[in-house]
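Next come the chains, spelled out residue by residue.
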Amino acid sequence: MNAVDVIAKKRDGGELSRAEIDLFVHGYARDEIPDYQAAAWAMAVFLNGMTRQETIDLTMSMAASGETLDLHDVAPIVVDKHSTGGVGDKTTIAVAPWVAACGLPVGKMSGRGLGFSGGTLDKLEAIPGFRTSLDIEQFKAQLARVGVVVAGQTQQLAPADGKLYALRDVTATVPSLPLIASSVMSKKIAAGADAIVLDVKVGRGAFMKTLEEAEALARIMVEIGQGVGRRVSAVISDMNQPLGHAVGNALETVEALETLRGRGPADFYEHCLVIAEQMLLLGSRASDLREARSQLEDALESGRAFEKALEWIAAQGGDVALLNGESYGLRAAPVVCELRAPRSAVVSGIDAMQVGLAAVDLGAGRHKKGDPVDHAVGIVLKAKVGDHVQAGAPLLTVHANSAAHCSRACQRLLGAYSWAEDDVSAAPLIYKVIG
Ligand code: URA
């Protein structure tokens, strides 16, 4: 067997053995298999899917492409969370320090933007000086000292996922259940956390469009994690409209920090609470959801959650002097324009994928592997599903590099809104918790 045989077998709908998967995954991680063969293989998996056993084997093979951390010399229980990707999803930036401020260490390996969905590393790098690339010693030392660390993949931890993730981003091979499950769980297994809360997004701005698909993804990820002795739960959450108000790297980072100061959008605040409660519960820091919520509210109201965020950002080199004031000093886009409501009506939908694609076109995401992202650009929603708006009232602001970018984005964004005459309720924030 060689790489071409493995691609051909998957192209023809065959089931790959663990040895064939290892040959491909480890060959790609070691740069022995080029991007064009990996892209062909990823497309074959995307089109033909994988069996449950192949998905488990792919996850374990990717986790074994580097080292697996043991964090028990740092803390008895470390917790992690991971989202399957959405629009406006800046949850990690709020919940990681928030949970750490409740005394539970959070060690997390995050990713970059993927297609229309943003990535935590890109958002954090909007803070001047913030380092996302840490080696294992630095990761563990910060976890022990600060109680929270968020880093990107290295050559040491799940390097196969690091390469494949960047390739899938630009080869239209992201929305595949086995590729998402193996990507998420290989990183989670390698990063060594004992307890893992998965935030599985469903809806127009998610890779899983139906509840059935999201549930299938959640169940296999929980099964894989529990199979290697981790405590895992999955929260299935709505991603039909963007989460919160801000979409775009710096804009989202500011919104997450504002939330830790008690000034975040209601839907985002509630979503963060649900994820953080699950983390405290799974990490044995709270005995029930009520106790978890009360610890979290106390950490927020006392200012400890925001202070922990600043301590964490400073530990990773971020310029906290910029963040500590009232008006955050992150780089702003040169042009800001407003999209106004074309009629007096109720907002009945905001297609999160269209908003995500508009943000990518503004420069917040990538079209080609390795493209730089523009941290300053993005969109801030002023009206969300269920809001009554008058004709001419602001629907959103676009933060762009030029007036031409602004008007192109506004055109697309207007098409993302749907309207009703009568009251409309937004979809529930949370559909289900599994595990
Ligand atoms: N998050 C990941 O880490 N990988 C995916 O494939 C999708 C979301």
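Residues numbered from 1 in each chain as written. Predicted model: local features only at pLDDT ≥ 70, side-chain atom pairs only at ≥ 80, totals over all residues. Heavy atoms only, no water.

S.K.: Teacher, can you tell me more about the site of the ligand here?
M.R.: The immediate surroundings of the ligand are formed by H82, S83, T84, L114, Y165, R168, I180, S183, V184 and K187. In this structure, an oxygen atom belonging to the ligand sits 2.8 Å away from a side-chain N or O atom of R168. Between the ligand and the protein, one listed contact pairs a nitrogen atom with a side-chain N or O atom of S183 at 2.6 Å. In the complex, 97% of the free accessible area of the ligand, which totals 230 Å², lies under the protein chains. At the level of elements, strand 1 (79–83), helix 8 (159–169) and helix 9 (177–191) are the ones that each hand at least two residues to the shell around the ligand. Ranked by residues supplied to the shell around the ligand, first place goes to helix 9 with 4 residues. When grouped by side-chain class, the residues that make up the shell around the ligand number 4 nonpolar, 4 polar and 2 charged. (Near = heavy atom within 4 Å. Polar contact = N/O pair within 3.5 Å; in protein donor to acceptor, adjacent residues only side chain to side chain. Areas by Shrake-Rupley, 256 points an atom, 1.4 Å probe, with all protein chains shown as cover. Helix = DSSP H or I, 4+ residues; strand = E, 2+ residues; numbered from the N terminus. Nonpolar A, V, L, I, M, F, W, Y, C, P; charged D, E, K, R; others polar.)

S.K.: Honestly, the pattern of salt bridges in this entry has me stumped. Any pointers?
M.R.: Note on pairing: side chains with opposite charge can pair once their charged atoms come close. This model, assessed by the stated rule, comprises 31 salt bridges. In this structure, D161 and K187 form a salt bridge, with 2.7 Å as the shortest nitrogen-oxygen distance. Highlighted residues: D161 in helix 8 and K187 in helix 9, separated in sequence by 26 residues. Across the pair, K187 and D161 agree in class, each one buried. In this structure, R219 and E215 form a salt bridge, with 3.0 Å as the shortest nitrogen-oxygen distance. Taken together, the positions of R219 and E215, both in helix 10 (residues 211–227) and 4 residues apart, correspond to about one turn of that helix. Judged by relative accessible area, which is 17%, E215 ranks as buried. Beyond isolated ion pairs, a larger network of salt bridges with shared partners links R112, D122, E125 and R366. (Salt bridge = Lys/Arg side-chain N within 4 Å of Asp/Glu carboxyl O. Buried < 20%, exposed > 50% of the residue type's maximum accessible area, 1.4 Å probe, protein only.)

S.K.: For this particular structure, what's the right way to read the sheet that holds strand 6 (residues 246–247)?
M.R.: Strand-to-strand pairing in sheets goes through backbone hydrogen bonds, with the strands running parallel or antiparallel. Reading across from one edge, 6-9-11-7 is the order of the 4 strands in this open sheet, with antiparallel pairing throughout. For this open sheet the edge positions go to strand 6 and strand 7 (335–340), each flanked by a neighbour on one side alone. Bridge analysis of strand 9 (residues 378–381) against strand 11 (residues 394–400) gives 4 bridges, and the strand direction is antiparallel. Directly across from L381, in strand 11, lies its bridge partner L396. Across the face of the sheet, helix 16 (residues 352–364) comes into contact with strand 6, strand 9 and strand 11 while running at roughly 145 degrees to strand 9. (Pairing = 2+ DSSP bridges. Contact = heavy atoms within 4.5 Å. Axes fitted to C-alpha atoms, helices over the stretch in contact; angles between N-to-C directions.)

S.K.: Teacher, can you tell me more about the pairing of strand 1 here?
M.R.: Regular strands have side chains that alternate between both faces of the sheet. Most of strand 1 is tucked away, with 5 of its 5 residues classed as buried. Burial along strand 1 is two-sided: the face carrying V79, K81 and S83 and the face carrying D80 and H82 are both buried. Where strand 1 meets strand 4 (residues 195–202), 5 bridges bridge the pair, whose relative direction is parallel. Counterpart to S83 in the pairing with strand 4 is D199.

S.K.: How should I be thinking about the nonpolar core in this particular structure?
M.R.: As a rule of thumb, nonpolar side chains are buried together in soluble globular proteins. If you look at the biggest cluster of nonpolar residues, it comprises 129 residues, and the most contacted ones within it are L198, I379 and V398. Of the residues forming this core, the biggest block, 9 residues, is contributed by helix 12 (residues 266–282). The residues touching L198, leaving out its near neighbours within four places in the chain, are H82, V184, M185, M221, V222, V232, S233, A234 and V235. Counting residues in hydrophobic clusters, the runner-up holds 22 residues, among them L16, F24, W41 and M50. (Core = buried A, V, L, I, M, F, W, Y, C linked by side-chain atoms within 4.5 Å.)

S.K.: Help me out: how do you make sense of helix 4 (residues 52–63) in this one?
M.R.: Every α-helix carries 3.6 residues per turn, so stepping three or four residues along brings you back to the same face. The terminal C-alpha atoms of helix 4 lie 17 Å apart, and with 12 residues this matches the ideal 16 Å at 1.5 Å per residue to within 8%. Most of helix 4 is tucked away: 9 of the 12 residues are buried. At its buried positions, helix 4 is contacted by helix 1 (3–11), helix 2 (18–29), helix 3 (35–48), helix 8, helix 9 and helix 10. (Expected span 1.5 Å × (residues − 1).)

S.K.: I keep staring at the packing of helix 5 (residues 91–101) against helix 11 (residues 249–260) and nothing clicks. Help me out?
M.R.: Two quantities define a packed helix pair, namely the angle between the helix axes and the distance between the axes. Running from amino to carboxyl end, helix 5 crosses helix 11 at an angle of 35 degrees, the nearest separation of the two axes being 8 Å. Note on packing geometry: the crossing formed by helix 5 with helix 11 is right-handed. In this structure, helix 5 contributes I93, A94, P97 and W98 to the contact, and helix 11 contributes T253, A256 and L260. Considering only residue class, the contact of helix 5 with helix 11 consists of 6 nonpolar, 1 polar and no charged. (Left-handed = near helix turned anticlockwise from the far one by under 90°.)

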